[in-house]
Amino acid sequence: MTTTLRSTGLGGAAPDEIERFYDEHAYPPPTVLGSVAPRPPLHRRAAHHLIWPRRPMPERRRLLVAGCGTSQAVRHALLDPDAEVVAIDISTTAIDESRRLAEERGVRNLTLHRLAIEDVADLGADFDQIVCTGVIHHLKDPEFGLRALRKVLAPDGAITLMVYAPYGRAGVYLIQEYCRRLGVGTSSEDIADLVATLREIPREHPIGRLLRTTRDFSDDDALADALLNPRDRAYSVPQLLGLLADAGLRFGRWVRQAPYLPDCGSISETPHSRRIADLPPAEQYAALELFRGTMLRHAVIAFADDGQHPDTTAAEIDVTSAGAAEWQPIRMPTARIITERIPPGFSAALLNDAHTDPDLVLFARPEELAMFDRIDGRTSVADLRAGAPDFLRRLIRHDLIVLDASAGKGMTQ
Ligand SMILES: C[S@@+](CC[C@H](N)C(=O)[O-])C[C@H]1O[C@@H](n2cnc3c(N)ncnc32)[C@H](O)[C@@H]1O
């Protein structure tokens, strides 16, 4: 593990308010990584083919964690010891804490730089994958930052990007505005007073659900990150797709797509399901964000938009085509089978523990459950689809499997 301290660029100006903020309120709050350990090979394969169904697993891959905060870079280095992980952040506290954690865990495949995303080209390297979560929406010029990241993507490289979403965070923006009007700062007294005040907030307030259910309010630094952040904007689906296009990126897929699809979850039971399905994909996603109303963030996988990256995991993959016969489905590691309290005619409910919407359940009939049980990363589509041809497609759309299409004749849409 090596650490480089570089000046943060940003024109050599005085520290940006965001840099000062995260030096004082590092995110996530100093962590003990606990039981993070190398991912089993099948989980690594699932993570790889979620992004690149057709691309064989490389022996080594270069991963950039952009705006790594206190623990994300170390987590990635531990999960994937075969990756060369490079991580950058403008906050000295974030880099120091990452270095401390990396030393504590004996991490050897991580290089840390105190560097702004806007200056990422100074690394003089390119990357197969860039992970940038919870950062771009804090930049002065998000498009500029994203474009800088896009320029250090290797050919066929992918960016995993997470940004805030506006409607689910409406309560956060109400309280941010409330705090601005009262001049609430980030001193411990101000935060203690705010915590005491929030205890009395009406239960029906739009922030009520978040206060009760998310870890964003679990301690002072997390609360400051959510409610007292000096710069924080959110992107609706159309705004995010616009941001990607403006930065020279192409939408690949949602990290978890089922919440955005009209045939998954409760919307599929409504008369509008068909009507939404008739829209172009981008319009479907926008409609689902409005229907769900509570999305807090969007996590998306994007590729450089220069026409050289045919890989796609968009939801429409055709598993019934002749070319699909040799592909190997892999279960998502977070997929779970429930067999209690199942409606008549079905044997199980299949769900992905990483979903936050409780309606995203796929009920399986006996023959479908038998097929799901046989998905082990080796059995081919041809062997599986015979019994339940449409079920593989539904499993993909519900984020329960991904396809390894690297061995077959290639992916046809
Ligand atoms: C909310 S934290 C997210 C940390 C981490 N990505 C995660 O998901 O745990 C945002 C991080 O972005 C960093 N950051 C903000 N602006 C940045 C910039 N222009 N360049 C690099 N890092 C930046 C902050 O210092 C902070 O550590």
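What you see as residue numbers is a count from 1 along each chain, following the sequence as written. At least 70 in pLDDT is required for a residue's local features to be given in this predicted model, at least 80 for side-chain atom pairs to be given and counted, and no such filter applies to totals for whole chains, interfaces and linings, which use all residues. Where side-chain values are given, they derive from all heavy atoms of the structure, hydrogens and water being excluded.

**Q** Just to check I follow, could you spell out the overall build of the protein for this structure?
**A** Across its full length, the protein carries 15 helices and 13 strands. A compact globule built from 413 residues would reach a C-alpha radius of gyration of about 22 Å, and the protein, at 22 Å, matches this within 12%. In terms of overall dimensions, the protein has a C-alpha envelope of 65 × 50 × 40 Å along the principal axes. Think of it in three bands: with a 1.4 Å probe and only protein chains considered, a residue is buried below 20% of the maximum accessible area for its type, exposed above 50%, and partly exposed in between. In the protein, buried positions account for 52% of the 413 residues. Restricting to contacts in the protein with at least 6 residues of sequence separation, those with at least 24 account for 76%. Method for areas: the Shrake-Rupley scheme with a 1.4 Å probe, in which residue coverage is limited to the protein chains shown. For the protein, the accessible surface area stands at approximately 18,400 Å², while carbon and sulfur atoms represent 52% of it. A positive count includes Lys and Arg, and a negative count includes Asp and Glu. His and the chain ends are not counted in either. To locate a charge, take atom NZ for lysine, CZ for arginine, CG for aspartate or CD for glutamate. Both charge centroids of the protein, one from 48 positive and one from 58 negative side chains, sit 3 Å from each other. Helix and strand definitions follow DSSP, with helices as H or I runs of at least four residues and strands as E runs of at least two, each counted in order from the N terminus. In this setup the radius of gyration rests on C-alpha atoms only. A globule is expected at 2.2 Å times the number of residues raised to 0.38. Every residue pair with non-hydrogen atoms within 4.5 Å of one another is taken to be in contact.

**Q** Would you explain the site of the ligand in this entry?
**A** Consider each residue's heavy atoms; a residue with any of them within 4 Å of a molecule or strand counts as near. Near the ligand, the surroundings consist of 20 residues, among which Gly67, Gln72, Asp89, Ile117 and Thr133 are the closest. Nitrogen and oxygen atoms within 3.5 Å of one another constitute a polar contact, given that in protein one can donate a hydrogen and the other can accept it, and given that sequence-neighbouring residues count only through two side-chain atoms. Residue Gly67 places a main-chain N or O atom 2.7 Å away from a nitrogen atom belonging to the ligand. Between the ligand and the protein, one listed contact pairs a nitrogen atom with a side-chain N or O atom of Glu118 at 3.0 Å. Burial of the ligand by the protein amounts to 94% of the accessible area it has alone, namely 600 Å². Note on residue classes: Ala, Val, Leu, Ile, Met, Phe, Trp, Tyr, Cys and Pro are nonpolar, Asp, Glu, Lys and Arg are charged, and everything else, Gly too, is polar. A breakdown of the residues in the shell around the ligand according to their chemical character gives 11 nonpolar, six polar and three charged.

**Q** Just checking my understanding: could you explain the sheet that holds strand S11 (residues 348-352) for this structure?
**A** Hydrogen bonds between backbone atoms are what pair the strands of a sheet, whose relative direction is either parallel or antiparallel. Spatially, S10-S11-S12 is the arrangement adopted by the three strands of the open sheet, whose pairing is antiparallel. The sheet terminates laterally at strand S10 (335-338) and strand S12 (361-364), the two strands that pair on one side only. Each neighbouring strand pair of the sheet contributes to a mean axis angle of 25°, computed without reference to strand direction. Relative to S12, S11 runs antiparallel, the two sharing four bridges. Following the sheet pairing, Leu350 is matched in S12 by Leu362. Helix axes are fitted only over the stretch in contact, all axes being lines through C-alpha atoms; the angle between N-to-C directions runs from 0 to 180 degrees. Against the sheet, helix H15 (residues 389-397) engages S11 and S12, with an angle of about 160° to S12. If DSSP finds at least two bridges between two strands, the strands pair.

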